[in-house]
Amino acid sequence: QVQLVESGGGLVQAGGSLRLSCAASGRTFTNYHMGWFRQAPGKEREFVAAISRGGDSTHYADFVKGRFTISRGNAKNTAYLQMNSVKPEDTAVYYCAARPGSFSDTSPSNYDHWGQGTQVTVSS
């Protein structure tokens, strides 16, 4: 199976930027579509963005469209989430996840592999 490790979280002021990384090891990275999810205290884990195996298709939650960009470097076995114009409501633990099969699945239960998460805190 594939192992995932997120990094890049931290404290950022509202309106600022942050770049999250998700390093994959184990199975072939290009076998998997990649997704980013987030979970705030007391809330359900929610979909943020996804990217297809080859990186040619992306899908975003409405609340991040125009602000966040998902990408992947298959040669580096890494997925990224560029977060711009962040807001206090973006504060959460951010997780990357991997799934084979169909692309653009927004349900956390349909992702097979997860990282440990990285905390993002946006101050107002």
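In this text, all values refer to a predicted model and were calculated from it rather than measured experimentally.

Rules used throughout
- Residues numbered from 1 in each chain as written.
- Predicted model: local features only at pLDDT ≥ 70, side-chain atom pairs only at ≥ 80, totals over all residues.
- Heavy atoms only, no water.
- Helix = DSSP H or I, 4+ residues; strand = E, 2+ residues; numbered from the N terminus.
- Rg over C-alpha atoms; globule rule 2.2 N^0.38 Å.
- Buried < 20%, exposed > 50% of the residue type's maximum accessible area, 1.4 Å probe, protein only.
- Pairing = 2+ DSSP bridges.
- Axes fitted to C-alpha atoms, helices over the stretch in contact; angles between N-to-C directions.
- Core = buried A, V, L, I, M, F, W, Y, C linked by side-chain atoms within 4.5 Å.
- Contact = heavy atoms within 4.5 Å.
- Polar contact = N/O pair within 3.5 Å; in protein donor to acceptor, adjacent residues only side chain to side chain.
- Salt bridge = Lys/Arg side-chain N within 4 Å of Asp/Glu carboxyl O.
- Disulfide = S-S within 2.5 Å.
- Phe/Tyr/Trp six-rings, centres within 6.5 Å; stacked < 30°, edge-to-face > 60°.

Caption draft 1: Region of the structure containing the overall build of the chain. Per the secondary structure count, the chain includes zero helices and 11 strands. When the elements of the chain are put in sequence order from the N terminus, they spell out β-β-β-β-β-β-β-β-β-β-β. In summary, the chain has a C-alpha radius of gyration of 13 Å against a globular reference of 14 Å for 124 residues, a match within 12%. For the chain, the residues scored as buried account for 44% of the 124 residues in total.

Caption draft 2: Representation of the sheet that holds strand E3 (residues 18-26) in the model. With antiparallel pairing, the four strands of this open sheet are ordered in space as E1-E3-E8-E7. Since the sheet does not close on itself, it has two edges, and those belong to strand E1 (2-7) and strand E7 (68-73), each with one partner. On average, each strand axis in the sheet is tilted by 15 degrees relative to the strand beside it, whichever way the strands run.

Caption draft 3: Spatial organisation of the nonpolar core. By size, the foremost hydrophobic cluster in this structure holds 34 residues, and its most contacted members are Met-34, Trp-36, Leu-81 and Tyr-94. Those elements giving two or more residues to this core turn out to be E1, E3, strand E4 (33-39), strand E5 (46-51), E7, strand E8 (78-83), strand E9 (92-99) and strand E11 (118-123). Setting aside chain neighbours within four positions, we find Tyr-94 in contact with Glu-6, Leu-20, Trp-36, Phe-37, Arg-38, Val-48, Phe-68, Leu-81, Met-83, Gly-117, Thr-118 and Val-120.

Caption draft 4: Structural context of the side chain of Thr-118. Examined against the element boundaries, Thr-118 turns out to sit in strand E11. At a separation of 3.2 Å, a polar atom in the side chain of Thr-118 contacts the main-chain amide nitrogen of Gly-9. Excluding residues that lie within four positions of it along the chain, Thr-118 makes contacts with Glu-6, Ser-7, Gly-8, Gly-9, Leu-20, Ala-92, Val-93 and Tyr-94.

Caption draft 5: Examining the pattern of salt bridges more closely. All chains considered together, the criterion is met by four salt bridges. When the shortest N-O distance is used, the salt bridge between Asp-62 and Lys-65 registers 3.2 Å. Between Asp-90 and Arg-67 there is a salt bridge, with its nearest N and O atoms 2.7 Å apart. Of this pair, Asp-90 sits in the loop between E8 and E9 while Arg-67 is found in the loop between strand E6 (58-60) and E7, placing the two residues 23 residues apart along the sequence.

Caption draft 6: The arrangement of the state of the cysteines in detail. All told, the structure shown has one disulfide when counted by the stated rule. The disulfide that involves Cys-22 links it to Cys-96, with 2.0 Å between the sulfurs. On the sign convention where negative is left-handed, the bridge of Cys-22 and Cys-96, at about 55 degrees about the S-S bond, is right-handed. Of this pair, Cys-22 sits in strand E3 while Cys-96 sits in strand E9, and the two are 74 residues apart along the sequence. When its relative accessible area of 0% is taken as the criterion, Cys-22 is described as buried. Given a relative accessible area of 1%, Cys-96 falls into the buried group.

Caption draft 7: Quick look at the packing of aromatic side chains. Within the structure shown, the criterion is met by five aromatic pairs. Summarising the aromatic geometry, the rings of Phe-37 and Tyr-111 are spaced 5.0 Å apart at their centres and angled 75 degrees between planes, so their arrangement reads as edge-to-face. Of this pair, Phe-37 sits in strand E4 while Tyr-111 sits in the loop between E9 and strand E10 (113-114), and the two are 74 residues apart along the sequence. Neither residue differs from the other here; Phe-37 and Tyr-111 are each classed as buried. Taken together, the ring pairs connect Phe-37, Phe-47, Tyr-95, Tyr-111 and Trp-114 into an aromatic cluster.

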